[in-house]
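# Structural overview
Read off the chains here:
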Amino acid sequence: MSKCSVLIIEDEKKIQVFMGKVLKRQEYRVLYADTGAQGLDIIRSQCPDIILLDLGLPDMNGDDIIKEVRSWTSTPIIVISARTAEREKVIALDLGADDYITKPFGTSELLARIRASLRHSNRLRTDENYYLRPYRHGDMTLDFSRRLLTVGTTEVHLTPIEYKIVAYLAQNSGKVITYSALLSSVWGPYADGDNKILRVNMANIRRKIESDPAQPKYIFTEVGVGYRMAEDETENA
Ligand code: CA
């Protein structure tokens, strides 16, 4: 198996070096860029398997880099951003970034994000039957072909809207999904931009699936951004 290549576009040397070390230890091939222009050159010439992109670069706006890259490739992009920059994250995700990681982050979080994004992009290319395979995490199983959600041995009754929300999050498990992406996947392109309907449905879903809705085990809130469903465990097998 050939090594997966990861491009790190980051002007802060300390963070660049930290990420490089972590990734090399996991047998990734690592490429580095200190500026946006350099990053775009490397993306064109080396076609990395995944891109880690700092949004605060000296020469270019991160959003412009995402737009540029998305005009010709679907290579996963994970945005690296500051803790308080929710708005920035949402814009980057809606422009086509796959996920984000917030500074300061730990090794396991970085690796989990990379794995989830790589898996998702491989799956889109190679595994057409993916959505027929049930999602599993902990005691919860979602069988897409039967539209059947179970927690332990209990069958959970979801409304059609609730099912669509859970199914979409499960199909994208491990990745953050913005409110607007979820709204348009469930209600279509004319979805109202209001998150309230989503929050109401999510509260009902959590009451049905979580033993403690205030401490969710299956669907997590990413404050100001969206939701993330716990990673499908069958994928790690
Ligand atoms: Ca920076």
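Residues numbered from 1 in each chain as written. Predicted model: local features only at pLDDT ≥ 70, side-chain atom pairs only at ≥ 80, totals over all residues. Heavy atoms only, no water.

### Some points on the coordination of the calcium ion
Protein coordination of the calcium ion is provided by Asp11 (OD), Asp54 (OD) and Gly56 (O), with donor distances spanning 2.2 to 2.4 Å. Read in sequence order, the donor residues for the calcium ion give the motif D-x42-D-x1-G. On the criterion of sequence distance, the pair formed by Asp11 in the loop between β1 (5–9) and α1 (13–25) and Asp54 in strand β3 (residues 50–54) is long-range, its members being 43 residues apart. (Donors = N, O, S within 2.8 Å, 3.2 Å for Na, K, Ca; no water. Helix = DSSP H or I, 4+ residues; strand = E, 2+ residues; numbered from the N terminus.)

### Regarding the layout of surface pockets
Of the volumes computed, that of the second largest pocket is approximately 150 Å³. Elements that contribute at least two residues to the lining of the second largest pocket include exactly α4 (86–95) and β10 (176–178). When residues in the lining of the second largest pocket are grouped by element, the largest group, three residues, is from β10. In the lining of the second largest pocket, the residues fall into six nonpolar, two polar and three charged. (1 Å grid on protein atoms, 1.4 Å probe; cavity = no way out; pocket = protein on both sides within 12 Å on 5 of 7 lines; lining within 4 Å. Points joined across faces, edges and corners; volume = space filled by probe spheres on them. Nonpolar A, V, L, I, M, F, W, Y, C, P; charged D, E, K, R; others polar.)

### What about the nonpolar core?
Among the nonpolar cores identified, the biggest contains 27 residues, and Leu142, Leu169 and Ile219 are the most heavily contacted of them. Every element with two or more residues in this core is listed here: β7 (140–143), α6 (160–171), α7 (179–187), α8 (196–209) and β12 (226–229). Beyond its immediate stretch of four places on either side in the chain, Leu169 contacts Ile177, Leu182, Met202, Ile219, Tyr227 and Met229. (Core = buried A, V, L, I, M, F, W, Y, C linked by side-chain atoms within 4.5 Å. Buried < 20%, exposed > 50% of the residue type's maximum accessible area, 1.4 Å probe, protein only. Contact = heavy atoms within 4.5 Å.)

### Focus on the sheet that holds strand β9 (residues 154–156)
The four strands are arranged β6-β7-β8-β9 in an open sheet whose pairing can be described as antiparallel. Edge positions in the open sheet fall to β6 (135–137) and β9, since each of these has one partner strand only. Strand-to-strand twist of the sheet, defined as the mean angle between neighbouring strand axes without regard to direction, takes the value 20°. Two strands pair when backbone bridges link them, and strand β8 (residues 148–151) and β9 are joined in this way by three bridges, in the antiparallel orientation. For Thr150, the partnering residue across the bridge sits in β9 and is Glu155. Here α6 sits on the sheet and contacts β6 and β7; the angle it forms with β7, its principal contact strand, is near 100°. (Pairing = 2+ DSSP bridges. Axes fitted to C-alpha atoms, helices over the stretch in contact; angles between N-to-C directions.)

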